[in-house]
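Topology and contacts: notes
Now for the letters of each chain:
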Amino acid sequence: MLHAVFPGSFDPPTLGHLNIIERGSSIFDKLLVVVAVNPRKKYFFSDEERKAMMLELIKPWKNVSVEICDTLIVDFMRRRNIRILLRGVRGVDDFSYEFELSMMNKSLDSNIETVFMTTDPEYFVLRSSTIKELASFHGNVSGMVPPLVVEALKARFA
Ligand code: ADP
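The sections below set out a description of the structure shown in this document. (Residues numbered from 1 in each chain as written. Predicted model: local features only at pLDDT ≥ 70, side-chain atom pairs only at ≥ 80, totals over all residues. Heavy atoms only, no water.)

**Examining the nonpolar core**
What counts is decided by this rule: The set of buried Ala, Val, Leu, Ile, Met, Phe, Trp, Tyr and Cys residues whose side-chain atoms join them within 4.5 Å is what this entry labels a nonpolar core. Accessible area is worked out with a 1.4 Å probe on protein chains only. A residue is then buried under 20% of its type maximum, exposed over 50%, and partly exposed in between. For the purposes of this entry, the term helix denotes a DSSP run of H or I that reaches at least four residues, the term strand denotes a run of E that reaches at least two, and both are numbered from the N terminus. Residue contacts are defined here by distance: any two heavy atoms, one from each residue, within 4.5 Å place the two residues in contact.
In terms of nonpolar packing, the biggest core is built from 30 residues, with Ile21, Leu31, Val33, Met54, Ile58 and Leu153 touching the most fellow members. Listing elements by their share of this core, those giving two or more residues are β1 (3-8), α1 (15-27), β2 (30-36), α2 (47-57), β3 (64-69), β4 (84-89), α5 (128-136) and α6 (147-156). Once residues lying within four places of it in the same chain are set aside, the contact partners of isoleucine 21 are Phe6, Leu31, Val33, Met54, Ile58, Trp61 and Val64. In terms of nonpolar packing, the next biggest core, distinct from the first, is built from 11 residues, Leu32, Val34, Cys69 and Met77 among them.

See below:
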């Protein structure tokens, strides 16, 4: 059984995240989307809101589930006996950050294997922070996030 986690802030989830989830679900037997809670990070949507959005969005895929994690991801993975950590990469900037992160995680637990999945080209420019900024100016984000996130952003910036 190939079991992987896909951790992230998902603040909010974008079509880029869903693309990685869809493709990840076709490679791994089980994919666990992990909504990260880092006390030093200020999130726009609460942990529960981000989890609730993800729970709705993963419905098309039977082998995908969602959990919140408020510990180190390597500890979370060890407790569940999962070794594969999936991360999406948009370009070289993402890659240098993700590469360092994977080295860090490897030094914490040598059992962890990070797998990078490059974005599909149409999702290359999608970034949660840019999308929030655009939404704050009432820009149209409907091609960037799923409809339920469009509504959540509209409600928040109403
Ligand atoms: P984090 O704060 O952990 O970086 P994000 O929600 O920003 O959380 O991203 C979660 C994962 O999804 C990261 O591996 C990130 O590189 C990846 N990702 C984000 N946007 C895209 C996208 N448009 N295409 C592919 N991967 C993406």
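What follows picks up the thread again.
**Some points on the environment of leucine 72**
By the element assignment, leucine 72 lies in the loop between β3 and α3 (73-80). Separated by 45 residues in sequence, leucine 72 and isoleucine 27 have C-alpha atoms that sit 25 Å apart.

**Brief notes about the pairing of β2**
To be explicit about the condition: Two strands qualify as a pair provided DSSP detects at least 2 bridges between them. Here is how to tell: hold the view so the strands point away, follow the path from the first strand over the helix to the second, and if it runs clockwise the crossover is right-handed.
With 5 of its 7 residues buried, β2 lies for the most part within the structure. When β1 meets β2, the two strands line up parallel, connected through 6 bridges. Note on β2: the bridge partner recorded for histidine 3 is lysine 30. Once the chain exits β1 it traverses α1 before rejoining the sheet at β2, and the crossover so formed is right-handed. Where β2 and β3 come together, 6 bridges link them in parallel fashion. Paired with alanine 36 across the strands is cysteine 69, a residue of β3. Once the chain exits β2 it traverses α2 before rejoining the sheet at β3, and the crossover so formed is right-handed.

**Looking at the site of the ligand**
Short version of the rule: Throughout, the term near means that a residue has one or more heavy atoms lying within 4 Å of the molecule or strand in question. In the analysis that follows, any N or O atom pair within 3.5 Å is treated as a polar contact, provided that within protein one partner can donate a hydrogen and the other can accept it, and provided that, for residues neighboring in sequence, both atoms belong to side chains. We get accessible surface area from the Shrake-Rupley algorithm with a probe of 1.4 Å; when it comes to residues, only the shown protein chains can shield them.
By nearness alone, 17 residues border the ligand, and Ser9, Phe10, Lys41, Gly88 and Tyr123 come closest of all. Contact distances for the ligand include 2.5 Å between an oxygen atom and a backbone N or O atom of glycine 88. In the environment of the ligand, a nitrogen atom lies 3.0 Å from a nitrogen or oxygen atom belonging to the side chain of threonine 119. About the coverage of the ligand: the protein hides 89% of its 550 Å² of free accessible area. Breaking the shell around the ligand down by element, the ones donating at least two residues are β1, α1, β4 and α4 (92-108).

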